[in-house]
Amino acid sequence: MPTPATPRVDLYDTTLRDGTQREGLSLSLRDKIRVAERLGAFGVAFIEAGWPGSNPKDMGFFQAVRGKSFGRAHLVAFGSTCRPRVAPEDDLQLRALLDAETPVCTLFGKASLRHVHEVLRTTPEENLMMIERSIAHLRSRGRRVFFDAEHFYDGFAADSEYALETLRAAQRGGAEVVILCDTNGGTLPSQVAAATRRVRTEVSLPIGIHAHDDCGCAVASSMAAVESGATQVQGTINGYGERCGNANLVTVAANLELKLGTGCVGESLSQLRSLSRFVSDVANLPPNDHAPYVGRSAFAHKGGVHVSAIRRDPGSYEHCDPARVGNETRVVVSELSGRANVLSKAEELGLSVGGVEGRVLQSIKTREARGYAFEAAEASVALLVDRARVDYLPPFVVLEYRTSARRERGRPARSEATVKIAAQGEERIAAGEGCGPVAALDTALRQALLPLFPALGRVTLSDYRVRILDGTDGTDATTRVLVECRSEEDGDTDRWTTVGASPDIVEASIEALADGYEFGLVHALREGAGAGDAALPPEDIAKEKLA
């Protein structure tokens, strides 16, 4: 249970510095400003914006934001202590830190004798002097200084007295906070907790934690440090960072607020999911659907027993209210579903089941055994519900289709297709051409439908995915096709996905394509002009489609 007496913990975000050390992640200067603005609005206490002097972009950032406010957040410039045998006032890197003109500077220094000897190639005594004098130099110029004790936990395990002495040197220099770093990410939470408790008895400064995720414990270690007395947690949004990443501040913030009752962002917690998605969008990285708290699947339920239970009591299979972090409960429909899944999904889609959930469930189980997958094709689930009702008449029916391919010497191959549909009491035939049979079928189907359903003009095919389910069957293998359609109107975008499956890739494709357009007409475009006013096909054709 949360403990209200727990003191507030400051979130220190280093997405713009440590996060950008992730392989494949690069932020422009404008990107960095946008992320910093969002972090400030969210309510983090400190934004570490970069290492001035290490690259022109970071220096340009500090120049661009000089005098700019980021909510209650303080902007931080990051750098190292002075070099061996160089006085702090002569060190160019420390000078760049001062030129950044941030109110706070974070200096890292070596807390491990191994690194003192092998990396710095200096003496333990000089390393202590570098730490103390560098911090004192920045303090004398009016800066608040945090000390990142690099490799602290590894150094503590090898020689605890020397690791602690680096913190005392930082305290003598005037550091405001000492941050204990699990730089290699290999320390277990129990070891973090024990070392952090020891630091509390030896140093009279506030303590922070900076953990990496190389053994999958960064968040757990951060929480262990807080429970052992740390009042600052450093990390990155979505856990971006070097190698396996940093402690994920998204998860940390939710854990602090909801599990420990420790204040860190307050009411802004409801923006957690949107913050996570915003940063992943800016970083041009796909969001992690299975991320704790904010992932699309974080509160998704697939098993029939689970769904039946949460319909009666959401807390039976959800550890917190999804709305607290800006997320929502989702129900997944699959061969593992029960009637409750179908009922919940229909309610989610705004559909009336009308007692047909048993028929829909049996259809789902039968089709998934043949290669369909409805988890990622909610529009197909909606159509199964529609088609299970005796009063449902589809807006059109595909009666026949044919494809052919031709190639002339020296020219790319082209495919042709013809499609016959029944709609509005008549049959129509249309032809199309494309770079392949699916493209040709899509063109032909649209040619047949658009004169009757003009609203389909704003629907586009936005994604087409194919999966071979059992490659050992060779060319007889079942092919699953997922088609995503998109509709845009007045700046609003609606997306839906349908599925088809067959040993014939063309058959699977035409099924998914036709279902995508049918869903658009029956649901997504229901309010659009030309979608709801058209006459429906005769009942006998509709029944053929339902069969």
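Scope of this entry: the structure provided in the associated data block.

Thresholds, definitions, all that
- Residues numbered from 1 in each chain as written.
- Predicted model: local features only at pLDDT ≥ 70, side-chain atom pairs only at ≥ 80, totals over all residues.
- Heavy atoms only, no water.
- Helix = DSSP H or I, 4+ residues; strand = E, 2+ residues; numbered from the N terminus.
- Buried < 20%, exposed > 50% of the residue type's maximum accessible area, 1.4 Å probe, protein only.
- Contact = heavy atoms within 4.5 Å.
- Salt bridge = Lys/Arg side-chain N within 4 Å of Asp/Glu carboxyl O.
- Pairing = 2+ DSSP bridges.
- Axes fitted to C-alpha atoms, helices over the stretch in contact; angles between N-to-C directions.
- Phe/Tyr/Trp six-rings, centres within 6.5 Å; stacked < 30°, edge-to-face > 60°.
- Parallel < 35°, antiparallel > 145°, perpendicular 65-115°, else oblique.
- Left-handed = near helix turned anticlockwise from the far one by under 90°.
- Nonpolar A, V, L, I, M, F, W, Y, C, P; charged D, E, K, R; others polar.
- Polar contact = N/O pair within 3.5 Å; in protein donor to acceptor, adjacent residues only side chain to side chain.
- Right-handed = clockwise from strand over helix to strand, strands pointing away.

### Concerning the overall build of the protein chain
Part 1 of the argument: Counting its regular elements, the protein chain contains 18 helices and 16 strands.
Part 2 of the argument: Considered along the principal axes of its C-alpha atoms, the protein chain spans approximately 90 × 60 × 50 Å.
Part 3 of the argument: Per-residue burial over the protein chain gives 52% buried out of 547 residues.
Part 4 of the argument: Nonlocal contacts in the protein chain, meaning residues at least 24 apart in sequence, comprise 68% of its contacts between residues at least 6 apart.

### Some details on the pattern of salt bridges
Part 1 of the argument: Scanning all chains against the criterion turns up 30 salt bridges.
Part 2 of the argument: Asp18 serves as the salt-bridge partner of Arg17, at 3.7 Å between the closest nitrogen and oxygen. Across this residue pair, the class does not change: Arg17 and Asp18 are buried.
Part 3 of the argument: Across the pair Asp515 and Arg387 runs a salt bridge whose closest N-O atoms are separated by 2.8 Å. Of this pair, Asp515 sits in helix H17 (residues 505–524) while Arg387 is found in helix H15 (residues 378–388), placing the two residues 128 residues apart along the sequence. Here Asp515 and Arg387 have matching classes, each one buried.
Part 4 of the argument: Among the charged side chains, a salt-bridge network with shared partners connects Glu132, Glu161, Glu165, Arg168, Arg172, Arg198 and Glu202.

### Some details on the sheet that holds strand S14 (residues 459–468)
Part 1 of the argument: Read from one edge to the other, the open sheet built from three strands follows the order S14-S15-S16, with strand pairing classed as antiparallel. Looking at the sheet topology across the chains shown, the edges are occupied by S14 and strand S16 (492–502). For this sheet, the mean angle separating the axes of adjacent strands, direction not counted, is 15 degrees.
Part 2 of the argument: Taken strand by strand, H17 contacts S14, strand S15 (479–489) and S16, and its axis lies near 145 degrees from that of S16.

### A short note on the packing of aromatic side chains
Part 1 of the argument: For the structure on display, the rule yields 11 aromatic pairs.
Part 2 of the argument: Taken together, a centroid distance of 5.5 Å and an interplanar angle of 80 degrees make the contact between Trp51 and Phe78 edge-to-face. With a gap of 27 residues between them, Trp51 in the loop between strand S2 (46–50) and helix H2 (56–64) and Phe78 in strand S3 (residues 74–80) connect regions that are remote in the sequence.
Part 3 of the argument: By way of ring pairs, the aromatic residues Tyr12, Phe46 and Phe146 are connected into one cluster.

### Concerning the packing of helix H5 (residues 124–140) against helix H7 (residues 160–173)
Part 1 of the argument: Between H5 and H7, the least distance of the axes is 7 Å, while the angle of their chain directions is 25 degrees. Considered as vectors, H5 and H7 are oriented roughly parallel to each other. Crossing hand, H5 versus H7: right-handed. Counting all contacts with H5, which are made through Pro124, Asn127, Leu128, Ile131, Glu132, Ile135, Ala136 and Arg139, the residues of H7 involved are Tyr162, Glu165, Thr166, Ala169, Ala170, Arg172 and Gly173.
Part 2 of the argument: In terms of residue class, the contact of H5 with H7 is made up of eight nonpolar, three polar and four charged.

### Some thoughts on the environment of Ser28
Part 1 of the argument: Relative to the elements of secondary structure, Ser28 occurs in the loop between strand S1 (10–13) and helix H1 (29–42).
Part 2 of the argument: Separated by 481 residues in the primary sequence, Ser28 and Ser509 have C-alpha atoms spaced 40 Å apart.
Part 3 of the argument: A polar contact is formed between the side chain of Ser28 and the backbone nitrogen of Asp31, at a distance of 3.0 Å.

### Overview of the pairing of S1
Part 1 of the argument: Where S1 meets strand S8 (residues 232–235), four bridges bridge the pair, whose relative direction is parallel. In the sheet register, Asp13 faces S8, and the bridge partner there is Gly235.
Part 2 of the argument: Of the strand pairs in this sheet, S1 and S2 are connected by two bridges, and their pairing is parallel. Bridge pairing in S2 links Asp13 to Ile47.
Part 3 of the argument: After leaving S1, the chain enters H1 and then returns to the sheet as S2, a path that is right-handed.

### So, the side chain of Asn255
Part 1 of the argument: Position of Asn255 among the secondary structure elements: in helix H10 (residues 249–259).
Part 2 of the argument: There is a polar contact of 2.7 Å between the side chain of Asn255 and the side chain of Tyr293.
Part 3 of the argument: Not counting chain neighbours up to four residues away, the residues in contact with Asn255 comprise Val219, Met223, Leu260 and Tyr293.

These figures come from the coordinates and say nothing about function on their own.
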